[in-house]
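A look at the structure
Chain by chain, the residues:
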Amino acid sequence: MAGHSLLTFSSKGIYCEQADVYIDPWKQVDKAIITHAHSDHARWGMKHYLAHTSSEPIMRLRLGKDISLQTLAYGESVHINGVAFSLHPAGHIIGSSQVRVAYQGEVWVVSGDYKIQDDGVATPYEPVTCHAFITESTFGLPVYTWPKQAIVMDQINSWWADNASQNVASLIIAYSLGKAQRVLAHLDTSIGPIFSHGAVANTNEAYQAFGISVRDTQRIIGQGPDKHTKKDFRKAIIIAPPSVIGSPWTRRLQPFSLGIASGWMALRGTRRRRAADRGFVLSDHADWKGLNEAIQATGAERVYATHGYTNLFAKWLNDHTSVKAEVVETLFSGEGEEQRDATAEEKGKGEEI
Amino acid sequence: MKQFAGLFTQLDQTNKTNAKIKLLAGYFDEASESDKLWTLALFTSRRPKRSVKTTLLREWASDLSHIPVWLLEESYHIVGDLAETLALILPAPTEENTQDLSEWIDYIREMESMEEEEKEVHIKHAWKQLDAQERFVFHKIITGGFRVGVSQKLLVKALSKHTGLDENNIAHRLMGNWHPDKTTFEELILSENIRDDLSKPYPFYLAYALEDRPEELGEPTDWQAEWKWDGIRSQLIIRGGESFLWSRGEELITEKFPELKPLTAYIPDGTVIDGELLPFKEGNPLSFQALQTRIGRKNVSKKYLKEVPVIIMAYDLMEWKGNDMREEPLSERREILESIVAKCPDSLMQPSVIVENDDWGRLAELREKAREYYSEGLMLKRKDSTYKVGRKRGDWWKWKVDPLTVDAVMIYAQRGHGRRANLYSDYTFAVWDGEKLVPFTKAYSGLTDAEMGKVDAWVKRNTRERFGPVRSVNPELVFEIGFEGINKSTRHKSGIALRFPRILKWRTDKNIKEADTLIYLHELLEKYG
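Worth saying up front: this structure is predicted, and the values here are computed from it rather than measured.

Our focus in this paragraph is the nonpolar core. Of all hydrophobic cores here, the largest spans 231 residues; its most connected members are Ile172, Ile238 and Ile239 of chain A together with Phe429 of chain B. By residue number, the principal contributor to this core is strand E7 (residues 310–320) of chain B, which donates 8 residues. If near-sequence neighbours (up to four positions away) are discounted, phenylalanine 429 of chain B is found in contact with Ala408, Val409, Met410, Pro439, Phe440, Thr441, Ala443, Phe479 and Ile481 of chain B.

This part covers the interface of chain B and chain A. Across the contact, 27 residues belong to chain B and 21 residues belong to chain A. Mapped onto the side of chain B that touches chain A, the elements with two or more residues apiece are helix H5 (69–79), helix H6 (82–89) and helix H17 (449–461) of chain B. The element that contributes the greatest number of residues to the side of chain B that touches chain A is H5 of chain B, accounting for 5 residues.

What follows deals with the packing of helix H1 (residues 2–12) of chain B against helix H2 (residues 17–30) of chain B. Residues and elements named next belong to chain B. In the contact formed by H1 and H2, the axes pass within 10 Å of each other and the chain directions differ by 170°. Judged by the inter-axis angle, H1 sits roughly antiparallel to H2. On the side of H1, the interface is formed by Gln3, Leu7, Gln10 and Leu11, while H2 contributes Lys20, Leu23, Tyr27 and Glu30. Residue classes in the contact of H1 with H2 are distributed as 4 nonpolar, 2 polar and 2 charged.

Before going further, it helps to spend a moment on the sheet that holds strand E1 (residues 8–10) of chain A. Residues and elements named next belong to chain A. Taken together, 6 strands build an open sheet; the order of strands is E1-E2-E3-E4-E5-E6 and the sheet is mixed. On the outer flanks of this sheet lie E1 and strand E6 (69–72), each paired with one strand and no other. Across this sheet, the average inter-strand angle for adjacent strands is 30°, counted without regard to direction. Sheet topology places E1 next to strand E2 (residues 13–16); 3 bridges connect them, and they run antiparallel. Bridging across to E2, threonine 8 finds its partner in tyrosine 15.

Residue and element names in this part refer to chain B. The sheet built from 5 strands is open, its strands ordered E1-E12-E11-E2-E10 with mixed pairing. Among the strands making up the open sheet, the edge pair consists of strand E1 (205–209) and strand E10 (354–355). Of the pairings in the sheet, the one linking strand E2 (residues 223–228) to E10 comprises 2 bridges and is antiparallel in character. Counted as the bridge partner of glutamate 226 is isoleucine 354 from E10.

We now examine the packing of H1 of chain B against helix H9 (residues 132–143) of chain B. Residue and element names in this part refer to chain B. H9 packs onto H1 with a crossing angle of 90° between their chain directions and a minimal axis gap of 9 Å. As far as their axial angle goes, H9 and H1 are roughly perpendicular. Mapping the contact onto sequence places Lys2, Phe4, Ala5, Phe8 and Thr9 in H1 and Gln133, Glu134 and Val137 in H9. Classifying every residue of the contact of H1 with H9 by side-chain character gives 4 nonpolar, 2 polar and 2 charged.

What counts, and where the lines are drawn
- Residues numbered from 1 in each chain as written.
- Chains lettered and ligands numbered in written order.
- Predicted model: local features only at pLDDT ≥ 70, side-chain atom pairs only at ≥ 80, totals over all residues.
- Core = buried A, V, L, I, M, F, W, Y, C linked by C-beta atoms within 7 Å.
- Buried ≥ 20, exposed ≤ 12 C-beta atoms within 10 Å, placed from the backbone.
- Helix = DSSP H or I, 4+ residues; strand = E, 2+ residues; numbered from the N terminus.
- Contact = placed C-beta atoms within 7 Å.
- Axes fitted to C-alpha atoms, helices over the stretch in contact; angles between N-to-C directions.
- Parallel < 35°, antiparallel > 145°, perpendicular 65-115°, else oblique.
- Nonpolar A, V, L, I, M, F, W, Y, C, P; charged D, E, K, R; others polar.
- Pairing = 2+ DSSP bridges.

Here it is, written out as structure tokens:
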């Protein structure tokens with residue numbers, strides 16, 4: 001890219017030279033705008049952070065109480081050396097934002113992670129008109145089409161009810177930030193009690209303390225006189241992060257059925273490989289149709305694809321739409337898509353997915 | 001179709017055998033007679049003839065979904081299953097459908113007599129009625145390859161639960177030459193008379209590999225030991241003056257081996273023999289590869305009859321004088337078998353060689369020499385054993401010789417299919433030829449899921465070049481490859497071809513300089529080829 005571009009892609013992250021500001025940088029910088037609180041976007045060690053108001057509790061929980069953090073509401077702007085920055089709902093998780101960057105009539109938008117479907121928890125995605133759009137493309141393949149959330153939540157609730165009727169606990173795997181709160185909001189509490197793994201409970205409590213409403217659950221107590229025992233879980237659903245799969249932690253739940261809520265579950269091969277009893281197709285990212293609609297809605301002439309099947313997605317845009325597209329290598333790329341997938345699977349967390 | 005697609009989805013959602021049996025039995029209780037029959041057919045690989053090419057399906061799906069073919073192809077590489085890729089890419093249905101499985105199969109078969117344009121209309125019409133799940137099943141019926149983890153054993157158990165009939169009886173009924181067009185569920189499974197079909201084979205008794213020491217089996221003299229051969233396990237049926245030859249894969253292969261036809265003159269009616277079809281010349285077995293080449297030919301030419309003649313190495317007697325012999329003890333079956341084979345020409349049939357067995361230690365020493373006898377090892381069979389149905393533990397064991405091994409360097413990786421979709425799970429290996437690495441085999445199995453995950457991540461970080469689903473990688477990883485045999489090959493640059501190659505171990509302790517050489521492989525070829 002030309003050096004005079006409003007945003008450039010540096011080794012530290014997306015950079016606005018005019019304002020000396022980075023967006024979701026992965027190395028330590030002075031000023032960082034954070035699209036959302038997932039750990040691959042909100043990293044430790046920046047001198048000053050700027051993020052959406054609702055990202056604050058999680059960023060302070062994860063990056064430290066004392067970080068220098070300025071917050072904005074959606075639509076509110078800050079000006080730095082003539083550049084206007086504002087945040088707009090991305091629909092990915094609570095507080096997730098697209099970053100609009102405007103300078104001398106030129107407008108760029110950094111999507112961060114986003115989804116189009118209203119999940120009833122995060123503020124719904126809003127398209128922002130721009131000249132250049134930096135979009136994620138995690139699920140940028142036409143085989144990814146999400147079913148409606150209501151259908152998937154029905155599947156999860158009936159799986160839970162079915163298990164409960166046989167005194168089998170339901171262990172649902174969801175990233176502790178985002179997916180967990182989304183699933184939680186739509187569970188049918190008439191079926192049985194809801195328990196949270198510590199990582200999920202910590203996130204829920206941070207939100208609650210901040211005044212963001214999250215349904216109450218029971219935190220699983222592993223030790224001491226109030227320790228939960230197997231019989232407490234017979235009718236229960238337990239929300240836990242991916243790291244518990246196959247770990248000794250799950251022994252306390254036996255017998256249990258394992259469900260995974262993730263966009264990757266859309267493919268039969270992945271479902272079978274993960275050896276879960278059930279795979280629920282529930283993603284906090286845009287599907288193929290969503291990505292294409294979002295890009296059209298921005299009216300952008302230039303699109304930069306990051307994360308996921310970037311090469312294929314950019315080729316599609318260039319060859320078959322009026323948009324000009326380029327691939328942006330991020331920290332995770334070289335091979336964005338798979339690397340990210342692989343990294344996530346290796347660490348057993350990868351909360352961005 | 002909804003019912004069958006639902007069954008398919010539910011079967012996919014569980015790894016538990018009992019849950020699968022319950023699902024299947026429940027389905028059989030509900031489904032129509034014709035759907036039951038077709039379900040059995042599909043799960044036992046009896047699918048309708050391929051009536052449309054997959055390249056056409058790709059084009060039409062591309063057309064209907066406005067997804068270019070190249071993107072569809074790329075998606076297929078990642079999904080690892082064409083039927084699924086097409087199902088996922090197509091737009092949501094706009095019409096309802098109420099037809100059941102057999103009606104949809106009829107619909108598919110109508111295409112057999114259609115021109116290409118008509119087929120296109122026909123397929124697109126179907127796509128407008130079927131949801132993604134149903135489309136997936138629809139494509140699987142067209143393209144074949146139903147893999148849902150429903151084994152014959154499982155199907156038999158479910159049918160037994162549904163009908164109340166004995167499992168062995170059902171396993172027998174499912175064998176052989178039946179087709180949904182020519183029978184009914186009633187006739188196939190429930191009718192009194194099981195043997196109207198002269199060609200109907202019995203289910204094979206299959207052995208597990210011996211894992212413990214043979215001493216654990218008890219007295220050696222209670223056990224019959226014989227050489228294990230690497231041919232095609234087969235069943236020869238002589239009934240009604242005709243002969244039928246079945247492979248273990250339940251294929252009728254009589255016509256492929258016309259030289260065996262004269263056996264009808266030596267063996268009386270009402271005889272069924274279990275044996276190994278073996279390429280055999282001048283008193284010794286030939287390589288399996290030779291047999292494979294011969295089978296691959298459409299017509300059996302004089303040349304092959306001469307170059308790769310076959311015999312049946314007789315193992316066991318399943319039927320004699322029209323009576324089912326499977327409940328008789330092996331020692332008695334063997335005695336009659338020997339008397340039958342004695343009357344047949346050596347060039348067509350021989351009894352499998354029984355190895356003297358009065359000491360496990362001596363037998364173990366002999367087993368080490370199996371390759372010198374062109375054998376893969378030994379079979380151990382309890383002398384008083386009945387002939388059982390399917391793979392069973394206890395009375396029969398295979399005790400194969402340890403595989404040959406070579407340390408090799410991974411140089412290409414390819415995405416797998418099915419459960420390994422989008423995972424670099426299929427590798428090409430090389431050995432040293434001077435300073436160069438020469439590819440000599442592929443191997444797909446042998447790593448644990450965790451190891452495969454690690455190798456997959458490594459491949460993605462160490463790619464040199466991409467060729468569609470294949471990548472060349474930096475030569476850094478060393479694996480120990482095991483294989484059963486080695487043959488000369490003119491098709492491969494290395495000049496050799498391996499039998500049953502698989503990964504035994506990821507040698508993280510080895511440097512690529514420590515990998516084996518082509519010279520070493522040619523030494524093995526010299527010795528065992």
